[in-house]
Amino acid sequence: MPTVEITSEMRERCYNFAVNIIEGDNQHDRLPATIKTRIERTFVGKLAEYAFLHYLRGRGINYPEGDMFTIHEGPENADDYDFKTNNGRTVDTKSASKPFHTIL
């Protein structure tokens, strides 16, 4: 099974992104939750996306980071996809961080 080492730099970068996007009210709130829970969800999702980027690079695919950490102002302005393939198809990463996250 392929693995990616999650470094403290990766954790810190993704957590700071999550705090900034949530506290700046720049993310659509699909599921009502506390600020703490919203930050946690965003952090885990961004970390999964960033880990996948590192996985690709570890496999010799030099995919650019691009605007992965750009915050699009306004909760209605989300990115359209996480990754784009050479033939124009799009990929969205998904993450499951809790034991009860079984339908993904």
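What counts and what doesn't
Residues numbered from 1 in each chain as written. Predicted model: local features only at pLDDT ≥ 70, side-chain atom pairs only at ≥ 80, totals over all residues. Heavy atoms only, no water. Helix = DSSP H or I, 4+ residues; strand = E, 2+ residues; numbered from the N terminus. Buried < 20%, exposed > 50% of the residue type's maximum accessible area, 1.4 Å probe, protein only. Core = buried A, V, L, I, M, F, W, Y, C linked by side-chain atoms within 4.5 Å. Contact = heavy atoms within 4.5 Å. Expected span 1.5 Å × (residues − 1). pLDDT = per-residue confidence, 0-100. Salt bridge = Lys/Arg side-chain N within 4 Å of Asp/Glu carboxyl O.

A word on the environment of lysine 94
Then step 1. Turning to its location among the elements, lysine 94 is positioned in the segment after strand E2 (90–91).
Then step 2. The class of lysine 94 is exposed, set by a relative accessible area of 60%.
Then step 3. Distance from lysine 94 to glycine 60, taken between C-alpha atoms, is 22 Å for residues 34 residues apart in sequence.

Examining the nonpolar core
Then step 1. Ranked by size, the top nonpolar core spans 19 residues in total, and within it Cys14, Phe43, Tyr50, Leu53, Met68, Phe69 and Phe83 carry the most contacts.
Then step 2. Looking at this core, the elements with two or more residues in it are helix H1 (8–23) and helix H2 (35–58).
Then step 3. Other than its neighbours up to four places away in sequence, phenylalanine 69 contacts Arg13, Cys14, Phe17, Lys46 and Tyr50.

Points about H2
Then step 1. End to end, H2 covers 34 Å across 24 residues, agreeing with the expected 34 Å (1.5 Å per residue, within 8%).
Then step 2. Along H2, the positions that sit buried rather than exposed are Arg38, Ile39, Thr42, Phe43, Val44, Lys46, Leu47, Glu49, Tyr50, Ala51, Leu53 and Leu56.

Thoughts on the confidence of the model for the protein
Then step 1. Counting all residues, the mean pLDDT for the protein is 88, and 96% of those residues have values of 70 or more.
Then step 2. Strand E1 (residues 83–84) is the least confidently modelled element of the protein, averaging 90 in pLDDT, while H1 averages 95, the highest of any element.

Here's the deal with the pattern of salt bridges
Then step 1. All told, the structure shown has 2 salt bridges when counted by the stated rule.
Then step 2. The residue lysine 46 makes a salt bridge to glutamate 49 at a minimum N-O spacing of 3.3 Å. Here the residue lysine 46 and the residue glutamate 49 both occupy positions in helix H2, the gap between them amounting to 3 residues, near one helical turn. The pair formed by lysine 46 and glutamate 49 is uniform in burial state, with each residue classed as buried.

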